[in-house]
Amino acid sequence: MKNDLNPGAAAQGAEVRCYAMLLDGELVDGASSIPVVDPATEEIIAHAPAADASQLEQAVASARKAFDGWKNVAHAERVALIHRIADAIEARREEIARVITLEVGKPIAAARADVDLSLMWARQVAGVELKPDVLQDDEQAYVEVQYKPIGVVAAIIPWNFPFFQTVYKLVPALLTGNTVVIKPAPTSPLNAMLLGEILHGILPPGVVNIVGDDGSLGPRLSSHPDIGKVSFTGSTAAGRQVMASGAPTLKRIVLELGGNDAAIVLDDADVESAARGIFTWAFMNSGQVCINIKRIYVPDALYDRFCDEFAKLARSAVVGHGLDEKTEYGPIQNQRQYEAVLRSLDVARRDGTVIAGGEPTEGKGWFVPPTVVRDIDEASPLVREETFGPIRSILRYSSIDDAVRRANDTQYGLGGSVWGKDIARATRIAAQLESGTTWVNTHFALAPDIPFGGRKQSGLGVEFGLDGIHEFTDRHVIHVARG
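First things first, this report covers the structure right here in the doc. Along each chain, residues carry numbers from 1 onward, in the same order as the chain's sequence is written. In keeping with the model being predicted, local features are shown solely for residues with a pLDDT of at least 70 and side-chain atom pairs are shown and tallied solely at 80 or more, while totals for entire chains, interfaces and linings include all residues. Excluding hydrogens and water, the side-chain values take into account all heavy atoms of the structure.

**So, the overall build of the protein**
Condition: Under the DSSP-based scheme used, a helix requires at least four consecutive residues in state H or I and a strand at least two consecutive residues in state E, with every element numbered from the N terminus. Throughout, radius of gyration means the C-alpha value; the globule benchmark is 2.2 Å times the number of residues raised to the power 0.38. Three labels apply to residues, based on accessible area from a 1.4 Å probe with only protein chains included: buried if under 20% of the type maximum, exposed if over 50%, partly exposed otherwise in between. Contacts are assigned to residue pairs that have any heavy atoms within 4.5 Å of one another. The accessible surface values rely on the Shrake-Rupley method and a 1.4 Å probe; as for residues, cover is taken only from the protein chains in view. Positive charges come from Lys and Arg alone, negative charges from Asp and Glu alone, with His and the N- and C-terminal ends not counted. Positions of charges follow a simple convention, taking NZ of Lys, CZ of Arg, CG of Asp or CD of Glu.
Per the secondary structure count, the protein includes 16 helices and 22 strands. Against the 2.2 N^0.38 benchmark of 23 Å for 483 residues, the protein shows a C-alpha radius of gyration of 23 Å, consistent with a compact globule. Dimensions of the protein along its principal axes, counting C-alpha atoms only, are 70 × 65 × 40 Å. Looking at the 483 residues of the protein, the share that counts as buried comes to 57%. In the protein, 71% of the contacts between residues at least 6 apart in sequence involve partners at least 24 apart. When the accessible surface of the protein is totalled, it reaches about 18,800 Å², and 51% of it is carbon and sulfur. Within the protein, the 62 negative side-chain charges are centred at a point lying 2 Å from the centre of the 47 positive side-chain charges.

What follows is the structure, encoded as structure tokens:
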């Protein structure tokens with residue numbers, strides 16, 4: 001294994017070490033390797049293993065073989081193994097967090113929070129037991145619905161919350177008796193390789209396989225005839241491709257896709273409080289979250305004050321390398337996305353008035369400071385399309401009906417929020433937004449026991465909650481006639 005973390009990264013606090021894939025119960029090299037870049041320095045920090053088509057076939061075959069035994073493991077034993085996994089992750093919390101920071105770019109505090117969320121999610125989901133639902137029990141018949149594992153689940157992971165998203169897909173899959181093939185994003189694979197090391201000492205061979213990707217494996221995985229379900233998080237465009245490639249085998253598919261979330265500020269809102277709250281969820285992870293607030297609708301009477309307050313927050317934000325504990329916002333995660341954000345900055349200057357940020361940071365690293373745009377045309381691509389980066393638009397409205405109509409005028413339907421003092425009124429308005437989740441006076445409030453999914457082009461199926469666990473099962477109705 002020749003994929004060492006380089007000395008420059010080690011000097012920033014990461015270990016010099018090797019990374020391997022988990023394949024059929026063994027930690028192995030890839031057929032090739034891919035460079036992993038620290039987006040804050042543009043330096044290569046490691047070479048991660050990447051599987052070829054033959055190794056992918058081996059991973060799927062191993063998971064398919066292991067399924068025959070894993071599906072019959074007692075529920076209590078699967079729960080105990082999940083808790084062992086969580087304990088082992090916790091023991092390596094700081095190591096995992098630092099690797100996340102180096103390959104994703106997010107501040108170390110946020111990376112630690114990702115690990116902590118993973119632990120909380122794993123332990124809470126492990127407490128769920130899927131018992132049969134009895135639909136009828138009378139003199140005519142006994143009818144129950146049982147929940148059976150699907151088989152091999154492919155978990156395709158994006159680069160923005162890679163460790164957390166891997167864990168929240170993995171745990172319900174294992175809990176319900178499925179085996180798993182995990183494919184991390186090509187630009188953030190190292191955290192998955194660390195997870196593979198942890199799983200290697202806990203799970204039977206083949207139950208989980210982790211394959212590095214050079215960018216070619218996604219279509220092979222989502223179209224593979226022995227994959228029973230694909231759990232995918234990523235862009236809407238990529239989600240359409242996953243759905244199309246899974247169609248010939250009628251795979252079970254859950255897609256958590258892009259969003260263009262709107263926040264509506266009501267005329268009774270506290271401007272400073274609303275601006276702080278919206279700013280938090282608009283720029284979290286440097287604006288690289290599907291469910292970030294991306295469009296902000298503010299009434300005429302509050303518009304100038306809100307813009308001033310929001311811009312002030314943007315100008316005071318601390319942007320830098322994630323390993324600096326003072327950093328609040330890191331870089332764009334990869335060069336391709338950085339170039340897309342630079343194009344969005346051009347659109348912002350063309351179509352609106354930039355009142356904070358607006359220019360990339362000079363020097364090494366793919367840094368763009370929080371950028372605020374006001375007086376922008378609703379038809380601008382910056383408003384109509386998902387802006388996956390730290391650029392946010394503030395739009396004015398004259399009537400609440402108009403604000404709701406404009407907020408709903410999008411192909412996306414992931415999340416939304418309403419901000420105001422009159423909670424009953426805000427809740428009534430929130431119910432009018434066409435999104436999978438709408439919050440009042442907060443945003444991005446997710447929990448393992450609350451289902452999360454999108455409407456329109458923002459996704460298919462749900463994650464989290466009992467509904468999300470059911471997505472990893474096939475329903476089996478048992479109907480017993482009586483008399």
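**Notes on the nonpolar core**
As a reminder, the rule being used: Side-chain atoms within 4.5 Å are what join buried Ala, Val, Leu, Ile, Met, Phe, Trp, Tyr and Cys residues into a set we call a nonpolar core.
One finds I89, L174, L199, L203, V208 and V211 to be the most contacted residues of the largest nonpolar core, which totals 90 residues. Counting residues per element, this core draws most heavily on helix α6 (residues 162–175), at nine residues. Residue contacts for V208: discarding those within four places in its chain leaves L22, L170, L174, V180, I182, L199 and L203.

**Quick notes on the environment of V167**
Locating V167 in the fold gives a position in helix α6. Note: C-alpha distance between V167 and I293 (126 residues apart in sequence) is 25 Å. Apart from the residues within four sequence positions on either side, V167 is in contact with I89, S118, A122 and P172.

**Here's the deal with the side chain of D114**
On the secondary structure map, D114 appears in helix α5 (residues 108–125). Each residue touching D114, except ones within four places of it in the same chain, is listed here: I100, K106, F161 and F164.

**What to know about the sheet that holds strand β12 (residues 261–265)**
Backbone hydrogen bonds hold the strands of a sheet together, and the pairing may be parallel or antiparallel. Note the threshold: Should DSSP find at least two bridges between two strands, the strands are taken to pair. Throughout, an axis means a line fitted to C-alpha atoms (over the contacting stretch in the case of helices), and angles, computed between N-to-C directions, take values from 0 to 180 degrees.
Strand order in the open sheet formed by seven strands is β14-β15-β16-β13-β12-β18-β19, with mixed pairing between adjacent strands. Looking at strand neighbours, the two that pair on one side only are β14 (353–356) and β19 (437–440), the edges of this open sheet. Across the sheet, the mean angle from the axis of one strand to that of its neighbour is 25 degrees, orientation sign disregarded. Here β12 runs beside strand β18 (residues 415–419); their pairing, made up of four bridges, is parallel. Bridge pairing links V265 to W419 in β18. Together, β18 and β19 form the strand contacts of helix α15 (residues 423–430), whose direction differs from that of β19 by roughly 165 degrees.

**Quick notes on the pairing of strand β6 (residues 141–149)**
Among the nine residues that make up β6, seven are buried, leaving the element largely enclosed by the rest of the structure. Note: strand β5 (residues 133–137) against β6, four bridges, orientation antiparallel. In the sheet register, V134 faces β6, and the bridge partner there is E144. Joining the antiparallel neighbours β5 and β6 is a turn of three residues. Bridge count for β6 against strand β22 (residues 473–481) is nine bridges, and the pairing is antiparallel. The partner of A141 across the bridge, within β22, is A481.

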